[in-house]
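Chain by chain, the residues run as shown.
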Amino acid sequence: MEASVCPIDAQFSGQISTLLSPPPLPQVQEYFEALVTERQCHLKVKTDGKHGKGVYSEVDFQGDDLVLRDQMLVGAQHSSNKIDCLVCSFCFQFIGSIELQIGRKLYLEELGVSAIDECGSSDDMGCSSSSEKTCIPQDSIQSLMNGSLQLPYSENFPLPSVVPCPGGCKEAYYCSKSCAEADWDSFHSLLCIGHGSSSPNTEALSKFIKHANETNDIFILAAKVISFTILRYRKLKAAHVEQEGKHDTSNACDSCIFPLLLEAWKPVSMGFKRRWWECIALPEDVDSCEEAEFRMQIKNLAFESLQLLKEAIYDRECAPLFSLDIYGHIIGMFELNNLDLVVASPVEDYFLYIDDLPVSQKKKAEKITKIFLDALGEDYSISCQGTAFFPLQSCMNHSCIPNAKAFKREEDRDGGATIVALQSIAKGEEITISYIDEDLPYEERQKLLADYGFICRCPKCVDEAS
Ligand SMILES: C[S@@+](CC[C@H](N)C(=O)[O-])C[C@H]1O[C@@H](n2cnc3c(N)ncnc32)[C@H](O)[C@@H]1O
């Protein structure tokens, strides 16, 4: 198979290599100092550790102390998870109501079943006889979704009302107007397929999204990074033109364009490491003698996706962002940092609450709720799941005897990352987390860590290796 050749890589090779060069250390230091101040945490990012960047404590922490609440730079819910829960497309908290969450999931599942089961094994209520789950009449599902059926005690689990996308795409929903605006300004205005989109070609955008959903939804994250950079560039340019006293914001001098693009790209430049097709772990079913072919296929897939994205949101002044080299580095950033986005489902809390009620109340409530719980089956409480890039958490190095861990507390109901201390951590000590299940045997740990491109030599590994 031929390797893809991207004309933009050749045309803008100088600018691309500047964008991909590690930022100067003082700039890195300044960026992370500003971030630490914004997050109001007592941490310091050092750039000279034995594993590159690392996060260090600036105070003494006790076990269970909150070390960091990190906000994501960019994140997305997995496409397949969108059936299971309706969350804010910006902060990822659950929205609507317990009834809407349950009704929507049953409705979408039913649609899926009907689509697969077109050849007629449905009963009178439109339910597939092959489904093992309890079927619910369509009108009950509709009543849940339109709010005319209120489940007992659901008022104890209020969720924010659903705010639709201002661009009218019916794909993105929010918990508030401020989240809708923030998403629009930072990412979505260019990636919206609604009538209000700023994308010059929403048809191409739909094709890009379809391709990502069918191949790898990591491309959606990469598109968000590119959109974020273009929109940041446009804001920086407008501010620059205004500062220069010009009135037409479309007129920045040519020599200003690239420095402004470099500035817009800065938050991303702090995170990327290697190209996706070079760092992706070889799947178990691919033989090592087929490795080169596999990596080339991955590169070609990325090129295919990039061409669709380019057709949809290309901006001449930001042309280097549409190079395959840049695209590969952006995707590699998610591959190597591999930070999960998880938000627990309030539907789980709701059913647990019903289960814990005094017997008589429970019996009464279950007369209404049981049918829905049975229909949802084992998947009744699937959390919101996705991938995100957290700028500070992604500077934390791994240890198999970590002193901190990612842990969502009761109050952490959005997509932010929470790191808590597992033990006392003295001022000046490095904060480490485990990227894997640290209780696995040595060989298995090393195998999983190889996906992150390193061999762990923490005291536990050194001890177990000898
Ligand atoms: C999430 S980043 C952590 C921050 C990273 N040190 C940096 O400079 O950006 C993960 C990468 O850090 C390095 N790393 C993290 N923990 C390590 C360890 N215990 N030993 C060696 N390298 C490690 C590996 O290169 C890994 O792919």
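For the structure, check the block above.
Given the structure is predicted, the values throughout are model-derived calculations rather than measurements.

**Q** Whenever I open this one, the site of the ligand confuses me. Can you help?
**A** Near the ligand you find 13 residues, and of these His51, Lys53, Asn397, His398 and Tyr452 are the closest. Separating a nitrogen atom of the ligand from a backbone N or O atom of His51 is a distance of 2.5 Å. Interatomic distance of 2.8 Å between a backbone N/O atom of Lys53 and an oxygen atom of the ligand. Computed on the free molecule, the ligand has an accessible area of 560 Å², of which 86% lies beneath the protein chains in the complex.

**Q** Got a minute to help me understand the side chain of Ser199 in this structure?
**A** By the element assignment, Ser199 lies in the loop between helix 6 (177-191) and helix 7 (202-214). Residue class for Ser199 comes out buried when judged on its relative accessible area of 8%. Within polar-contact distance, the side chain of Ser199 engages the backbone oxygen of Ala312 at 2.9 Å. Contacts of Ser199, omitting those with residues within four sequence positions, involve Ser189, Leu190, Leu205, Ala312 and Ile313.

**Q** Got a minute to help me understand the packing of helix 8 (residues 218-243) against helix 9 (residues 254-269) in this structure?
**A** Any two packed helices are characterised by how steeply their axes cross, that is the angle between the axes, and by the distance between the axes. Direction vectors running N to C along helix 8 and helix 9 enclose 130°, while the axes themselves pass 8 Å from each other. Between helix 8 and helix 9, the crossing angle belongs to the class labelled oblique. For helix 8 against helix 9, the interelement crossing comes out right-handed. Contacts between helix 8 and helix 9 pair Val225, Phe228, Thr229, Arg232, Tyr233, Leu236, Lys237 and His240 from the former with Cys256, Ile257, Leu260, Leu261, Glu263, Ala264, Trp265, Pro267 and Val268 from the latter. The residue inventory of the contact of helix 8 with helix 9, partitioned by class, reads 12 nonpolar, two polar and three charged.

**Q** In this structure, what is going on with the pairing of strand 7 (residues 339-343)? I would like to understand it.
**A** Successive side chains on a regular strand alternate, one facing one side of the sheet and the next facing the other. Across the two faces of strand 7 the burial differs, with Leu339, Leu341 and Val343 buried and Asp340 and Val342 not buried at all. In the sheet, strand 7 pairs with strand 8 (residues 384-389) via five bridges, with the strands oriented antiparallel. Opposite Val342, over in strand 8, you have Gln385 as the bridge partner.

**Q** Just checking my understanding: could you explain the layout of surface pockets for this structure?
**A** Leftover empty space is mapped by rolling, across the atoms, a probe with the size of a water molecule. When its volume is computed, the second largest pocket comes out at roughly 880 Å³. Lining the second largest pocket are 36 residues, and of these Gln77, Lys82, Ser89, Glu171 and Ala172 lie nearest its centre. When residues of the lining of the second largest pocket are traced back to their parent elements, those giving at least two are strand 4 (74-77), helix 4 (98-116), helix 6, helix 7 and helix 8. By residue class, the composition of the lining of the second largest pocket is 21 nonpolar, eight polar and seven charged.

**Q** Would you take a moment to explain the packing of aromatic side chains for this structure?
**A** Remark: the centre distance and the inter-plane angle together describe each pair of aromatic rings, the angle taken between the planes. Across all of its chains, the model carries 12 aromatic pairs by this definition. Among the aromatic residues, those joined into a cluster by ring pairs are Tyr153, Phe157, Tyr350, Phe351, Tyr353 and Tyr380. Between Lys224 and the ring centre of Phe187, over which it is positioned, the NZ or CZ distance is 5.2 Å. Between the NZ or CZ atom of Lys310 and the centre of the ring of Tyr314, over which it lies, the distance is 5.3 Å.

**Q** Which parts of the structure should I look at to understand empty space enclosed by the protein?
**A** For the coordinates displayed, the defined rule picks out one cavity of 30 Å³ or more. Computed from the structure, the largest cavity encloses a volume of approximately 60 Å³. In this structure, the largest cavity is lined by Asp84, Cys85, Phe94, Gln101, Ile102, Lys105, Ser345, Val347, Leu376, Tyr380 and Ile382. A per-class count over the lining of the largest cavity returns seven nonpolar, two polar and two charged.

**Q** What is the right way to read the sheet that holds strand 1 (residues 43-49) from this model?
**A** Think of a sheet as strands paired side by side through backbone hydrogen bonds, with each pair either parallel or antiparallel. On the basis of which strands lie adjacent, the open sheet formed by four strands has the order 1-2-12-9 and mixed pairing. At either margin of the open sheet sits one strand with a lone partner, and together these are strand 1 and strand 9 (397-398). Here strand 1 runs beside strand 2 (residues 52-57); their pairing, made up of five bridges, is antiparallel. Its bridge partner lying in strand 2, Leu43 is registered against Ser57.

**Q** Can you walk me through helix 15 (residues 442-450) in this structure?
**A** Since there are 3.6 residues in each turn of an α-helix, residues three or four apart along the chain are aligned in direction. Listed as buried for helix 15 are Arg445, Gln446 and Leu449. Along the axis of helix 15, the buried positions cluster into a sector of 95°, meaning they face one direction only. Turned more than 90 degrees away from the buried face of helix 15, the exposed residues are Glu443 and Lys447. For helix 15, the secondary structure elements touched by its buried residues are strand 9 and helix 16 (459-465).

**Q** Explain the environment of Ser140 here, please?
**A** Relative to the elements of secondary structure, Ser140 occurs in helix 5 (residues 138-146). Taking the C-alpha atoms as reference points, Ser140 and Phe372, 232 residues apart in sequence, are found 9.6 Å from one another. In contact with Ser140, not counting residues within four places along its chain, are Leu149 and Phe372.

**Q** Can you walk me through the pattern of salt bridges in this structure?
**A** Across all of its chains, the model carries 23 salt bridges by this definition. For Asp355, the salt bridge is made with Lys362, and the minimal N-O distance between the two is 3.1 Å. Between Asp412 and Arg409 there is a salt bridge, with its nearest N and O atoms 2.9 Å apart. The class for Asp412 is buried, based on a relative accessible area of 6%. If you follow the salt bridges from partner to partner, you end up with Arg69, Arg409, Glu411, Asp412 and Asp414 in one network.

**Q** How should the nonpolar core be read in this particular structure?
**A** The biggest cluster of nonpolar side chains holds 59 residues, and the ones touching the most others in it are Ile313 and Tyr327. Of all the elements, helix 8 adds the most residues to this core, at 11 residues.

**Q** Please explain unusual backbone geometry as it appears in this structure.
**A** It is generally the case that most residues other than glycine have a negative phi and that most peptide bonds are trans. Positive phi, normally seen in glycine, also occurs at Asp64, with a value near 75°. Along the chain, Asp64 falls in the loop between strand 2 and strand 3 (66-70). In the Ramachandran plot, Tyr153 falls in the positive-phi region, its phi being about 65° despite a non-glycine side chain. By the secondary structure assignment, Tyr153 is in the loop between helix 5 and strand 5 (163-164).

**Q** Before we go on, may I ask you to explain the packing of helix 2 (residues 13-20) against helix 9 in this structure?
**A** In the contact formed by helix 2 and helix 9, the axes pass within 10 Å of each other and the chain directions differ by 30°. Relative to helix 9, the element helix 2 lies roughly parallel. Viewed along their axes, helix 2 and helix 9 form a crossing whose handedness is right-handed. Residues Gln15, Thr18 and Leu19 of helix 2 touch helix 9, and the partners they reach there are Phe258, Leu262 and Trp265. Across the contact of helix 2 with helix 9, the residue classes break down as four nonpolar, two polar and no charged.

How each quantity is defined
Residues numbered from 1 in each chain as written. Predicted model: local features only at pLDDT ≥ 70, side-chain atom pairs only at ≥ 80, totals over all residues. Heavy atoms only, no water. Near = heavy atom within 4 Å. Polar contact = N/O pair within 3.5 Å; in protein donor to acceptor, adjacent residues only side chain to side chain. Areas by Shrake-Rupley, 256 points an atom, 1.4 Å probe, with all protein chains shown as cover. Helix = DSSP H or I, 4+ residues; strand = E, 2+ residues; numbered from the N terminus. Buried < 20%, exposed > 50% of the residue type's maximum accessible area, 1.4 Å probe, protein only. Contact = heavy atoms within 4.5 Å. Axes fitted to C-alpha atoms, helices over the stretch in contact; angles between N-to-C directions. Parallel < 35°, antiparallel > 145°, perpendicular 65-115°, else oblique. Left-handed = near helix turned anticlockwise from the far one by under 90°. Nonpolar A, V, L, I, M, F, W, Y, C, P; charged D, E, K, R; others polar. Pairing = 2+ DSSP bridges. 1 Å grid on protein atoms, 1.4 Å probe; cavity = no way out; pocket = protein on both sides within 12 Å on 5 of 7 lines; lining within 4 Å. Points joined across faces, edges and corners; volume = space filled by probe spheres on them. Phe/Tyr/Trp six-rings, centres within 6.5 Å; stacked < 30°, edge-to-face > 60°. Lys NZ or Arg CZ within 6 Å of the ring centre and 35° of its normal. Arc of directions from axis to C-beta. Salt bridge = Lys/Arg side-chain N within 4 Å of Asp/Glu carboxyl O. Core = buried A, V, L, I, M, F, W, Y, C linked by side-chain atoms within 4.5 Å.

Limitation: the analysis is restricted to geometry and does not speak to function.
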